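So the chains spell out like this:
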Amino acid sequence: MTDTVYELSCNLDDMTGEELGFAMERLLEQGALDVYTIPIGMKKGRPGVMLNVLCAPEDREKTAQALFRYTTTLGVRETAHSRYILRRESRVLDTAYGPVREKRVEGFGTSRSKLEYEDLRRIALEQEISLAQARERIRKEQNHD
């Protein structure tokens, strides 16, 4: 499958790490598909970051407004990108440790699945084991059913 996403980006050199982290959290909470930074050099030799936000076409204006609200930027660049995507499906596994969410993807000759981090974390904390051990226990249990 293919679709189109928009990348909105801005360069920042006057925000603290905490402020930038808060902005990134808010953007994700408001529906951004992805938010990431790239370290860059800016004028006068100042270090800065490029903040990049991927969003659905219908969320462009809302995302730009959030960038202006939560960052110190004076301008936002926009680029449309075509992308290849895998078909996604989620399901809940019934396990001895409680429900565990699993994401499955397939397409373009590949297929894979991943257990949800928050559920593995809960099990690891409850059982006092590592994340890897929690994942292994769920996989073993599911393969024996």
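Below or above, wherever it landed, is the structure these notes cover. Please read all numbers here as calculations on a predicted model, not as lab measurements. (Residues numbered from 1 in each chain as written. Predicted model: local features only at pLDDT ≥ 70, side-chain atom pairs only at ≥ 80, totals over all residues. Heavy atoms only, no water.)

Considering the layout of surface pockets
Basically, it comes down to this: A cavity here means a set of 1 Å grid points, computed over protein atoms only, where a 1.4 Å probe fits but cannot escape. A pocket is an open set with protein on both sides within 12 Å along at least 5 of 7 lines, and lining residues have an atom within 4 Å of a point. Grid points are joined across faces, edges and corners, and a volume is the space filled by probe spheres set on the points. Elements are defined by DSSP. Helices are runs of H or I of four residues or more, strands are runs of E of two residues or more, and each kind is numbered from the N terminus. Under the scheme applied here, ten amino acids are nonpolar (Ala, Val, Leu, Ile, Met, Phe, Trp, Tyr, Cys and Pro), four are charged (Asp, Glu, Lys and Arg), and all others, including Gly, are polar.
Of the voids in this model, the largest pocket is the one considered here, and its volume is about 270 Å³. Lining the largest pocket, in full, are Arg88, Glu89, Ser90, Lys103, Arg104, Val105, Arg112, Ser113, Lys114, Leu115, Glu116 and Tyr117. The set of elements that each furnish at least two residues to the lining of the largest pocket consists of β5 (87-95), β6 (98-107) and β7 (110-115). If you tally residues by element for the lining of the largest pocket, the top one is β7, at 4 residues. In the lining of the largest pocket, the residues fall into 3 nonpolar, 2 polar and 7 charged.

A closer look at the sheet that holds strand β3 (residues 47-55)
Our working rule: We call two strands paired when DSSP finds no fewer than two bridges between them. Orientation is described by lines fitted to C-alpha atoms, with helices fitted over the stretch in contact, and by angles between N-to-C directions that extend from 0 to 180 degrees. The contact definition used throughout considers only heavy atoms, calling two residues in contact when any of these lie within 4.5 Å.
Ordered in space as β2-β3-β1-β4, the 4 strands form an open sheet in which the pairing is antiparallel. The open sheet has two edge strands, β2 (34-41) and β4 (77-84), and neither has a second partner. Strand-to-strand twist across the sheet, computed as the mean angle between neighbouring axes with direction ignored, equals 30°. Where strand β1 (residues 2-12) lies against β3, 7 bridges are found, and the strand directions are antiparallel. By the bridge assignment for β3, Ser9 is matched with Asn52. Most of the contacts of helix α1 (residues 17-29) go to β2, to which it runs at about 150°, and overall it touches β1, β2 and β3. With respect to the sheet, helix α2 (residues 60-70) is in contact with β1, β3 and β4, its orientation differing from that of β1 by roughly 15°.

Describing the packing of α1 against α2
To describe two helices that pack against each other, one gives the angle between their axes and the distance between the axes. Note the cut-off: Angle categories: roughly parallel below 35 degrees, roughly antiparallel above 145, roughly perpendicular from 65 to 115, and oblique for all the rest. Two helices crossing with the near one rotated counterclockwise from the far one by less than a right angle form a left-handed crossing, whereas a clockwise rotation gives a right-handed crossing.
Running from N to C, α1 and α2 point in directions that differ by 155°, and their axes come no closer than 10 Å. Here α1 lies roughly antiparallel to α2, going by the angle between them. Where α1 crosses over α2, the handedness of that crossing is right-handed. Across the interface between the two elements, Phe22, Ala23, Arg26 and Leu27 from α1 touch Thr63, Ala66, Leu67 and Tyr70 from α2. In terms of residue class, the contact of α1 with α2 is built from 6 nonpolar, 1 polar and 1 charged.

Here we look at α2
We apply this condition: Each residue gets one of three labels from its accessible area relative to the maximum for its type: buried under 20%, exposed over 50%, partly exposed in between, using a 1.4 Å probe on protein chains only. For this quantity, the arc is that covered by the directions from the helix axis to the C-beta atoms.
Among the residues of α2, those classed as buried are Thr63, Ala64, Ala66, Leu67 and Tyr70. Along the long axis of α2, the arc covered by the buried residues comes to 160°, so they all point the same way. Along α2, exposed side chains directed more than 90 degrees from the buried face belong to Glu61 and Arg69. Close packing links the buried residues of α2 with β1, α1 and β3.

So, the side chain of Thr73
As a reminder of what qualifies: What qualifies as a polar contact is a pair of N or O atoms within 3.5 Å, subject to a donor-acceptor requirement within protein and to the restriction that residues adjacent in sequence count only when both atoms come from side chains.
Here Thr73 lies in the loop between α2 and β4. By relative accessible area, which is 10% here, Thr73 ends up buried. Among the polar contacts listed, one links the side chain of Thr73 to the backbone oxygen of Gly75, at a separation of 2.7 Å. Filtering out sequence-adjacent residues up to four positions away, Thr73 remains in contact with Cys10, Asn11, Leu12, Leu67 and Phe68.

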